Structure formats: C-alpha cells, structure tokens
Amino acid sequence: MKLTAQKDVSLDNDYVDVRYRELTPVIHQIFQLCEETGSVLLCKKEGATYKIDVNDVLYIESVDRKSCVYTKDDVFHLPTPLKQLEESLAGQQFVRVSKMALLNIYKINSVANGLHFRMTAEMSNSEKIVVGRRYREDLIEAISELAKEVSK
Amino acid sequence: MRKKPAFTFFDMNPLILFCVIYVVTILINAVILGALSNVAYISIRHLTDNAILCGAPVVTLILFRRVPLLKYFDDDDCSPWISVSVHYVLSCALLLGFGFVLAVIRAVPATLADYLGLIGVYTQGYIVVVIFGVVIEVSKVESVNKNLKIIQESQKRKTGGVQSE
C-alpha cells in the first residue's frame, strides 16, 4: 500500500483522502479509525453495525480487551481496546475513571463518596460508576476545566 | 507520569506526608505530652527522634509502591480502608523497630510502656491526618457537584431546556 502524507499548515481541517481498488479489511479498519476519532463510533450489536454519536454515549467499559458502549437504553460492542478509544476520544468529553471505564462528563448527574470512600459517579440513567483512586483527580480536573469553559 | 490523587494521606507525595506527620506529631507531643508531664517536648533531641520516627509511615508508603507483594494495597482494586489499615499496622511495626534502634543508639533502657506510649502518640497523629484527609475529600465532592451543575445548566441552555439523550 502506498502512503502519502503532506503537512499543510494553511488547512482549516485535517483530512484523509483514501484511494482504494477494493474495500479490504485493512481499508475498512482505516475508515473505522477515522470515524472513531470523530464524533461517531462504529459499534456492533447482534451482528449489525450502528453509528453511535459520542454525545449519546453514557460510558464505555472494557470487557475482555473489547469495549462495551453504553447509551441510555442500549449496549453496543466495539472491537477496539479501551486504551485506543481513550486516545482517539482525547480532547472530547470523555475521561478515564478506572482501569475499566471512560465516562462522558456531560452525562454525569452527580458524584458522591461512599462509606468505603470510593468516589462514585451517578450517570443520567441513575447508574453508578465507581471512580478509581488514581483517576479521581483527573475526573475532578476535567469537570472543573469544562465548567470554566462553559461558563465563559 | 500520572498525578497521584490525595485520598487522605495515602496517595500523598512521601515528602509532603513526612512533613504533615512530623508537624502533627510535634504538636501532639508539645501540647498533650508537654501538658501532661510538664516537660518541654520541643527540644533538639525530641525533634531529631521524631524526625526518625516519622520516617516509619513514609518508608511504609514507599514499600507499598515498590514491593510487588504490597503493591496490591496501593492499587485501585483494594478498598481504601484496607489500604490504610494495612499501612497503619506495617508502619506501627516499623515505628517500633525505629524506636528500638533509637533506644539502643541513645543507650536508654526502653520499657514496654515507652513503646506503648510511642504507638499511642503515633495513633493520635494518624487519626488526625486521616480525619483531615476525609474532610478534604468531602469538600472536593461538593465543589465537583457545583461544577457539574454549571455544565448541566449550560447543556440545558444549548438544547433549549431539553436534555439530549
């Protein structure tokens, strides 16, 4: 496969131009990667593929090196590991809260400390997600930065 | 490197932890023991001894992060209360060890009561630091919830009062 990359600082947006003879699995993966870095996730459920808007995602959980995407009423699957998703969703409203989960900050209703002193985040569907000790500062910081940004 | 959050004292930087425990211990020594025995507990000797003894929780914390067998207690999967309890027991053991070494160096015969007194003072300092940490955590949660409300309000304004799902 021939790869051409060109840096052009005058561009308003980054763009990827893919030219292919046949839609091979590798080309499909490239599409998938490009779409996952945007605001849409290509998820699977019962063999069918769905485009899920990241704004509809409550949280993403890692199960056996695969990811489960939770929306208000549904659960979808992604073959992409959580680490890779975290990187591709960097700069968006997702923040890592444990080894297993990424939360959508916009979908957090409140946070609380339990008797065991583990922070839990209550999502908009009333589900409670445990925030790991190592990640709580990141969550607090991300929420505080977003609050500053929206109140400008 | 990931920043260490501050759950009570447990995730603090060892140097900061040392300073906090040192100051708390000195204060407890000066206020409680000083008042009880009418002896000035702020002397060079006491300050030095306390500096050595305050190393116990800090050394334990470093062991938690370095020794593979103890790393579990510094992990997210382990309940913070279990982490703190194991840390307390191990640091008490180290404290007694340091106390024994100090007694040998200073050639002062230390009795069981001395060691129990040492554990007593240490426990008081430990409890003060834990409570302090818990208070900080509670106040943090309140401020996070305030920020979440600001974000939710802005989202509501954007969606015209209807939360998008």
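A. Structural context of the overall build of chain A. Helix and strand counts for chain A come out as 3 helices and 10 strands. For chain A, buried positions account for 38% of its 152 residues. Of all intrachain contacts in chain A linking residues separated by at least 6 positions in sequence, the fraction that spans at least 24 positions is 38%. Element-wise, carbon and sulfur atoms account for 49% of the exposed surface of chain A, whose accessible area totals about 9500 Å².

B. Region of interest: the overall build of chain B. The number of helices and strands found in chain B is 6 helices and 0 strands. Secondary structure elements of chain B, listed N to C terminal, follow the sequence α-α-α-α-α-α. Partitioning the intrachain contacts of chain B with sequence separation of at least 6 by distance along the chain shows that 73% fall at a separation of at least 24. Of the roughly 9300 Å² of accessible surface on chain B, a fraction of 73% belongs to carbon and sulfur atoms.

C. Main features of the packing of aromatic side chains. Residues and elements named next belong to chain B. Taken as a whole and judged by the stated rule, the model has 7 aromatic pairs over all chains. Arranged with centres 5.5 Å apart and planes meeting at 70°, the rings of Y72 and F73 form a pair that is edge-to-face. A relative accessible area of 45% means that Y72 is categorised as partly exposed. Members of the aromatic cluster, each reached through a chain of ring pairs, are F64, Y72 and F73.

D. Just the packing of helix α2 (residues 44-53) of chain B against helix α5 (residues 80-105) of chain B, in detail. All names here are of chain B. As a packed pair, α2 and α5 sit with axes 9 Å apart at the nearest point and diverge in direction by 140°. Our classification of the angle between α2 and α5 gives oblique. Relative to α5, α2 is oriented so that their crossing is right-handed. In contact with D49, I52 and L53 of α2, α5 contributes L95, F98, G99 and L102. For the contact of α2 with α5, the class distribution of residues is 5 nonpolar, 1 polar and 1 charged.

E. Looking closely at the confidence of the model for chain A. Per-residue pLDDT for chain A averages 83, and the proportion of residues at 70 or more is 89%. By mean pLDDT, helix α1 (residues 25-37) of chain A is the weakest element of chain A at 71, and strand β7 (residues 101-104) of chain A is the strongest at 92.

F. How the structure looks around the pattern of salt bridges. A full pass over the atoms with the stated rule returns 3 salt bridges over all chains. A salt bridge links D74(A) to K45(A); the nearest nitrogen and oxygen atoms lie 2.5 Å apart. With D74(A) in the loop between β4 (66-70) and β5 (75-78) and K45(A) in strand β1 (residues 40-45), the pair connects residues that are 29 residues apart, well separated along the chain. Among the ionic pairs, K140(B) bridges to E137(A), the shortest N-O distance being 2.7 Å. Separated into two different chains, K140(B) in helix α6 (residues 112-158) and E137(A) in helix α3 (residues 133-150) make up a pair that spans both.

G. The sheet that holds strand β10 (residues 128-131) of chain A, seen in detail. Strand order in the open sheet formed by 3 strands is β8-β9-β10 (chain A), with antiparallel pairing between adjacent strands. The outermost strands of the open sheet, each flanked by one partner alone, are β8 (108-113) and β10 of chain A. Strand after strand, the sheet turns through a mean of 25° between neighbouring axes, direction not considered. Summarising the sheet, β8(A) and strand β9 (residues 119-123) of chain A pair through 5 bridges and their orientation is antiparallel. The partner of I108(A) across the bridge, within β9(A), is M123(A). Along the sheet, α3(A) makes contact with β8, β9 and β10 of chain A, crossing β10(A) at roughly 110°. Its contacts with the sheet place α6(B) against β8 and β9 of chain A, and it is angled at close to 175° to β8(A).

H. Structural view of the pairing of β7(A). Residue and element names in this part refer to chain A. Alternating positions in β7 separate into two faces, A101 and L103 on one and L102 and N104 on the other, with burial throughout. Sheet analysis places strand β6 (residues 94-96) next to β7, joined by 3 bridges and oriented antiparallel. The residue of β7 that forms the bridge with F94 is N104. Hairpin connection between β6 and β7: a loop of 4 residues separates the two successive antiparallel strands.

I. Up close: the state of the cysteines. Applying the stated criterion across every chain yields a total of 0 disulfides over all chains. Free of any disulfide, C43(A) has its nearest cysteine sulfur in C68(A), 9.9 Å distant.

Cut-offs applied
- Along each chain, residue indices are assigned from 1 in the same order as the chain's sequence is written.
- For naming, the first written chain is A and the first written ligand is 1, with later ones following in the order written.
- For this predicted model, a pLDDT threshold of at least 70 governs which residues receive local features, and a threshold of 80 or more governs which side-chain atom pairs are given and counted, while totals over whole chains, interfaces and linings are taken from all residues.
- To obtain the side-chain values, all non-hydrogen atoms of the structure were included, while hydrogens and water were left out.
- By the criteria applied, helices consist of DSSP H or I runs no shorter than four residues and strands consist of E runs no shorter than two, each listed in order from the N terminus.
- Summary of the burial criterion: residues with accessible area below 20% of their type's maximum are buried, those above 50% are exposed, and those between are partly exposed, where the area comes from a 1.4 Å probe applied to protein chains only.
- Contacts: residue pairs with any heavy atoms within 4.5 Å of one another.
- Note that accessible areas follow from Shrake-Rupley with a 1.4 Å probe, and for residues the cover is restricted to the protein chains shown.
- Only Phe, Tyr and Trp rings take part, Trp by its six-membered ring, and two of them pair if their centres are within 6.5 Å. Stacked means planes under 30 degrees apart, edge-to-face means over 60, and tilted covers everything else.
- For helices, the fitted axis covers only the stretch in contact; all axes are lines through C-alpha atoms, and the angles between them, taken along N-to-C directions, range from 0 to 180 degrees.
- Here the word oblique covers every angle except those under 35 degrees (roughly parallel), over 145 (roughly antiparallel) and from 65 to 115 (roughly perpendicular).
- Crossings are sorted by hand: turned counterclockwise from the far helix by less than a right angle, the near helix makes the crossing left-handed, and turned clockwise it makes it right-handed.
- Residues are grouped as follows: Ala, Val, Leu, Ile, Met, Phe, Trp, Tyr, Cys and Pro are nonpolar; Asp, Glu, Lys and Arg are charged; all remaining types, including Gly, are polar.
- The predictor rates its confidence in each residue with pLDDT, a number between 0 and 100.
- Each salt bridge in this description consists of a side-chain nitrogen of Lys or Arg and a carboxyl oxygen of Asp or Glu lying within 4 Å of one another.
- Note on pairing: DSSP must find at least two bridges between two strands before they are called paired.
- Pairs of cysteine sulfur atoms within 2.5 Å are identified as disulfides in what follows.

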